[in-house]
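# A structural walkthrough
Read off the chains here:
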Amino acid sequence: MEHIILYAIVPIIVVMLAGYISGKKGIFSGANAKAFNKVVLDYALPAALFVSIVDADRKMLVDDIKLSLISLVVIMFCFMLVYWIYKYGFRKQGVTQADAAIMALVNGSPTIGFLGFAVLEPIFGTNAYVALVVAIVGIVVNAVGIPVGLSLLNAGNEAALAKNGGKKPSIWKPVIHALEQPVAWAPILAVIWVIAGIPWPAWASPSFDLIKGANASMAVFAAGITLSAVKVNVNWQAILGVILKLILMPGLLLLAAIIFKMTPANTAMLVVAGALPPAFSGIIIASEYDSYVATSTSSLAISVILFMVFCPLWIWITQLFVGPIPGISI
């Protein structure tokens, strides 16, 4: 537990706090945070995913098919559950379909792209298995969750309907747009590369390693700037989002992993991935659409703080049900 706190959680809090203070002092603005996020999503994270996955082999991919299916089904179930709860449960409080879609994008998805490597590598080591977990969950979040969320958001956004002459926006446009992003196609390309059995030259990795090193640090720093620009508004809607994200999602992932007999190591990595704070990308989308920004960001802020407790807690719970996890002792 000491190792997890000191090497996986404290660094995140320190860097995020640096970003928060920088934002409060006016050294960096929300526009700067968006620029940093773009570097992460378009360059650093795709490079990290690609070069990590191509080091894997076909057997690893076959072994992780079970992990892929569980990730897809459980995360998208939680995604749609969050959407339905906010759409129908808080309708009388003025929550719209667009607001519900924002909360699904935030609390229905883990921030795997921003914090995946930053959290999992210090705990489980730097290896291809960690990269595959980050890639698989990242594909679900970025190539499936975001297109679905944007489709729901556009369908419920009156401004979008008016802009399109009263016609509903195409449901396929967000899907195509998401798949065009490097963070979606880079890991898919890497998986195809491994399946094809093409050897990856060792001399090519350093070119990717230099930019991928900026992934975690820049993402966490930008998250701090984003949090500094929004007033935290603690209410039951924000707290419910925290419960759904930090308790329900990792709990369902653990249950599914036990039922389908995943290995202890993969189970632990998947549960920790599911317990990560809400997706920062959802906050970015909320800001762009000016929808439900205060509540969704408040839910994110609370989750980041509570993650310090829930991360080691979920590893401990996972060990209770699946047995010892290689290299982990809590």
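Residues numbered from 1 in each chain as written. Predicted model: local features only at pLDDT ≥ 70, side-chain atom pairs only at ≥ 80, totals over all residues. Heavy atoms only, no water.

Counted by the stated rule, this structure contains nine aromatic pairs. Aromatic pair Phe-28 and Phe-221: ring centres 5.6 Å apart, planes at 85 degrees, arrangement edge-to-face. Placement of the pair is Phe-28 in the loop between α1 (2-24) and α2 (30-53) and Phe-221 in helix α12 (residues 215-228), with a sequence separation of 193 residues. Owing to a relative accessible area of 27%, Phe-28 belongs among the partly exposed residues under this scheme. Cluster of aromatic residues (ring-pair linked, three or more members): Phe-50, Trp-193, Trp-200 and Phe-208. (Phe/Tyr/Trp six-rings, centres within 6.5 Å; stacked < 30°, edge-to-face > 60°. Helix = DSSP H or I, 4+ residues; strand = E, 2+ residues; numbered from the N terminus. Buried < 20%, exposed > 50% of the residue type's maximum accessible area, 1.4 Å probe, protein only.)

For the rest of this paragraph, the subject is helix α16 (residues 293-322). Where α16 bends most, the angle comes to about 50 degrees, and this point is Phe-307. In the stretch just after α16, Gly-323 is the one whose phi turns positive, near 95 degrees. (Bend = angle between axes of the 7 residues up to and from the residue.)

Backbone geometry at Lys-261 places phi at a positive 55 degrees, although glycine is not the residue there. Judged by relative accessible area, Lys-261 falls into the exposed class, the value being 71%.

Rolled over the atoms, a probe as big as a water molecule pinpoints where empty space is left. Counted as a void, the second largest pocket has a volume near 290 Å³. Forming the walls of the second largest pocket are 15 residues, and the residues nearest its centre are Ser-68, Ala-135, Ile-136, Ile-139 and Val-191. The set of elements that each furnish at least two residues to the lining of the second largest pocket consists of α4 (65-89), α7 (128-156) and α10 (182-195). If you tally residues by element for the lining of the second largest pocket, the top one is α7, at six residues. Residue classes in the lining of the second largest pocket are distributed as 13 nonpolar, one polar and one charged. (1 Å grid on protein atoms, 1.4 Å probe; cavity = no way out; pocket = protein on both sides within 12 Å on 5 of 7 lines; lining within 4 Å. Points joined across faces, edges and corners; volume = space filled by probe spheres on them. Nonpolar A, V, L, I, M, F, W, Y, C, P; charged D, E, K, R; others polar.)

Time to look at the environment of Ala-279. Within the secondary structure layout, Ala-279 lies in the loop between α14 (264-274) and α15 (280-289). Residue classification places Ala-279 among the buried positions, given a relative accessible area of 3%. A sequence separation of 89 residues divides Ala-279 from Ala-190, and the C-alpha atoms of the two residues are 23 Å apart.

To continue, consider a nonpolar patch on the surface. On the surface, Ile-5, Leu-6, Tyr-7, Val-10 and Val-14 cluster together into a nonpolar patch covering about 440 Å² of accessible area. Relative to the helices and strands, Val-14 is located in helix α1. (Patch = residues over 30% accessible without salt bridge, like charges linked within 9 Å, V, L, I, M, F, W, Y side chains within 5 Å. Areas by Shrake-Rupley, 256 points an atom, 1.4 Å probe, with all protein chains shown as cover. Salt bridge = Lys/Arg side-chain N within 4 Å of Asp/Glu carboxyl O.)

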